[in-house]
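Overview (structure and organization)
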Amino acid sequence: TWTPTATDLASVYPAFRAYELPVISRMYRPASGFIDGGMRAGIPDPLVRDATITLYLDRKRFLADLGIESVSEIVPMLVTPAGRILWRTTGRCTEAADRSLRDAVAASL
(Lines give C-alpha, C1' and ligand atoms only; values in the text may rest on other atoms or scores of the structure.)
Protein backbone atom coordinates (compact mmCIF):
# COMPACT_ATOMS: atom_id res chain seq x y z
CA THR A 1 0.00 0.00 0.00
CA TRP A 2 3.02 2.31 0.32
CA THR A 3 4.20 1.94 -3.30
CA PRO A 4 2.02 4.73 -4.77
CA THR A 5 3.19 7.18 -2.08
CA ALA A 6 6.84 6.19 -2.56
CA THR A 7 6.55 6.46 -6.34
CA ASP A 8 5.00 9.90 -6.08
CA LEU A 9 7.62 11.11 -3.60
CA ALA A 10 10.41 9.89 -5.90
CA SER A 11 8.90 11.88 -8.78
CA VAL A 12 8.73 15.05 -6.67
CA TYR A 13 12.07 14.66 -4.84
CA PRO A 14 14.88 13.28 -7.03
CA ALA A 15 16.98 12.44 -3.95
CA PHE A 16 14.22 10.24 -2.50
CA ARG A 17 14.64 6.49 -2.95
CA ALA A 18 12.34 3.74 -1.73
CA TYR A 19 13.41 0.17 -1.10
CA GLU A 20 11.60 -2.87 0.19
CA LEU A 21 13.84 -4.91 2.47
CA PRO A 22 12.54 -8.39 3.25
CA VAL A 23 14.60 -9.66 6.19
CA ILE A 24 15.36 -13.38 6.27
CA SER A 25 17.45 -15.31 8.76
CA ARG A 26 21.00 -15.89 7.56
CA MET A 27 20.53 -19.64 7.96
CA TYR A 28 18.52 -19.50 4.71
CA ARG A 29 21.41 -17.89 2.78
CA PRO A 30 22.35 -21.19 1.07
CA ALA A 31 18.86 -21.25 -0.47
CA SER A 32 18.98 -17.56 -1.47
CA GLY A 33 18.89 -18.30 -5.21
CA PHE A 34 15.66 -20.24 -4.82
CA ILE A 35 14.16 -17.67 -2.40
CA ASP A 36 15.17 -14.68 -4.51
CA GLY A 37 13.78 -16.34 -7.64
CA GLY A 38 10.47 -16.95 -5.90
CA MET A 39 10.35 -13.33 -4.75
CA ARG A 40 11.08 -12.08 -8.27
CA ALA A 41 8.28 -14.23 -9.63
CA GLY A 42 5.92 -12.98 -6.92
CA ILE A 43 6.52 -9.27 -7.59
CA PRO A 44 4.94 -8.47 -10.97
CA ASP A 45 5.78 -4.74 -11.00
CA PRO A 46 9.35 -4.37 -12.37
CA LEU A 47 9.93 -1.08 -10.52
CA VAL A 48 9.00 -2.66 -7.20
CA ARG A 49 11.04 -5.75 -8.02
CA ASP A 50 14.11 -3.64 -8.83
CA ALA A 51 13.78 -1.83 -5.49
CA THR A 52 13.49 -5.03 -3.43
CA ILE A 53 16.65 -6.10 -1.64
CA THR A 54 16.49 -9.27 0.41
CA LEU A 55 18.65 -9.15 3.54
CA TYR A 56 20.03 -12.42 4.88
CA LEU A 57 21.24 -11.65 8.38
CA ASP A 58 20.70 -12.13 12.09
CA ARG A 59 17.00 -11.36 11.89
CA LYS A 60 16.32 -11.26 15.62
CA ARG A 61 19.14 -8.79 16.19
CA PHE A 62 18.11 -6.65 13.21
CA LEU A 63 14.52 -6.42 14.45
CA ALA A 64 15.65 -5.70 18.01
CA ASP A 65 18.12 -3.02 16.88
CA LEU A 66 15.31 -1.24 15.02
CA GLY A 67 12.75 -1.75 17.78
CA ILE A 68 10.48 -3.82 15.56
CA GLU A 69 8.39 -6.00 17.84
CA SER A 70 6.36 -7.90 15.23
CA VAL A 71 6.82 -8.96 11.64
CA SER A 72 3.08 -9.16 11.05
CA GLU A 73 2.99 -5.60 9.69
CA ILE A 74 5.19 -3.50 7.45
CA VAL A 75 7.40 -0.89 9.14
CA PRO A 76 8.04 1.97 6.70
CA MET A 77 10.87 4.31 7.66
CA LEU A 78 12.45 7.47 6.32
CA VAL A 79 16.19 7.03 6.80
CA THR A 80 19.10 9.33 6.01
CA PRO A 81 22.07 8.01 3.99
CA ALA A 82 23.95 7.85 7.32
CA GLY A 83 21.27 5.56 8.77
CA ARG A 84 19.45 8.03 11.02
CA ILE A 85 15.72 7.26 11.21
CA LEU A 86 13.77 10.48 10.66
CA TRP A 87 10.26 8.99 10.49
CA ARG A 88 8.59 5.65 10.98
CA THR A 89 5.23 4.04 11.38
CA THR A 90 3.74 0.57 11.41
CA GLY A 91 1.12 -0.87 9.10
CA ARG A 92 -0.62 -0.09 5.87
CA CYS A 93 -0.60 3.33 4.27
CA THR A 94 -3.46 5.46 5.52
CA GLU A 95 -4.31 9.02 4.59
CA ALA A 96 -2.82 10.31 7.86
CA ALA A 97 0.35 8.21 7.52
CA ASP A 98 0.76 9.30 3.89
CA ARG A 99 0.54 12.97 4.89
CA SER A 100 2.92 12.45 7.80
CA LEU A 101 5.55 10.85 5.56
CA ARG A 102 5.16 13.52 2.90
CA ASP A 103 5.67 16.21 5.56
CA ALA A 104 8.77 14.44 6.89
CA VAL A 105 10.26 14.07 3.40
CA ALA A 106 9.56 17.73 2.57
CA ALA A 107 11.26 18.80 5.80
CA SER A 108 14.31 16.61 5.23
CA LEU A 109 15.02 17.13 1.51
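As a reminder, the structure under discussion sits directly above these lines.
Residues numbered from 1 in each chain as written. Predicted model: local features only at pLDDT ≥ 70, side-chain atom pairs only at ≥ 80, totals over all residues. Heavy atoms only, no water.

1. As for the packing of helix α1 (residues 3-12) against helix α5 (residues 95-108)
The interhelical angle for the contact between α1 and α5, taken along N-to-C directions, is 25 degrees, at an axis separation of 11 Å. As the angle between them shows, α1 and α5 are arranged roughly parallel. Judged by the sense of rotation from one axis to the other, the crossing of α1 with α5 is right-handed. In contact with Thr-5, Asp-8 and Leu-9 of α1, α5 contributes Asp-98, Leu-101, Arg-102 and Val-105. Residue classes in the contact of α1 with α5 are distributed as three nonpolar, one polar and three charged. (Axes fitted to C-alpha atoms, helices over the stretch in contact; angles between N-to-C directions. Helix = DSSP H or I, 4+ residues; strand = E, 2+ residues; numbered from the N terminus. Parallel < 35°, antiparallel > 145°, perpendicular 65-115°, else oblique. Left-handed = near helix turned anticlockwise from the far one by under 90°. Contact = heavy atoms within 4.5 Å. Nonpolar A, V, L, I, M, F, W, Y, C, P; charged D, E, K, R; others polar.)

2. Some words on the layout of surface pockets
The computed volume of the largest pocket comes to approximately 1700 Å³. Surrounding the largest pocket, 46 residues form its lining, Ala-18, Tyr-19, Glu-20, Leu-21 and Met-77 being those nearest its centre. At the level of elements, α1, α3 (46-50), α4 (59-65), β3 (77-79), β4 (85-88) and α5 are the ones that each hand at least two residues to the lining of the largest pocket. Ranked by residue count, the leading element in the lining of the largest pocket is α1, at five residues. (1 Å grid on protein atoms, 1.4 Å probe; cavity = no way out; pocket = protein on both sides within 12 Å on 5 of 7 lines; lining within 4 Å. Points joined across faces, edges and corners; volume = space filled by probe spheres on them.)

3. Regarding the nonpolar core
Among the nonpolar cores identified, the biggest contains ten residues, and these are Trp-2, Ala-6, Leu-9, Phe-16, Leu-78, Trp-87, Ala-97, Leu-101, Ala-104 and Val-105. Elements represented by at least two residues in this core include exactly α1 and α5. Not counting residues up to four positions away in its chain, the partners in contact with Leu-9 are Phe-16, Leu-101, Arg-102 and Val-105. (Core = buried A, V, L, I, M, F, W, Y, C linked by side-chain atoms within 4.5 Å. Buried < 20%, exposed > 50% of the residue type's maximum accessible area, 1.4 Å probe, protein only.)

4. Re the pattern of salt bridges
A full pass over the atoms with the stated rule returns four salt bridges. With a shortest N-O distance of 2.6 Å, Arg-102 and Asp-8 are connected by a salt bridge. Of the two residues, Arg-102 sits in helix α5 while Asp-8 sits in helix α1, which places them 94 residues apart along the sequence. On the basis of relative accessibility, which here comes to 32%, the residue Asp-8 falls in the partly exposed class. (Salt bridge = Lys/Arg side-chain N within 4 Å of Asp/Glu carboxyl O.)

5. Details of the pairing of β4
Here β3 pairs with β4 via three bridges, running antiparallel. If you follow Val-79 over to β4, its bridge partner there is Ile-85. (Pairing = 2+ DSSP bridges.)

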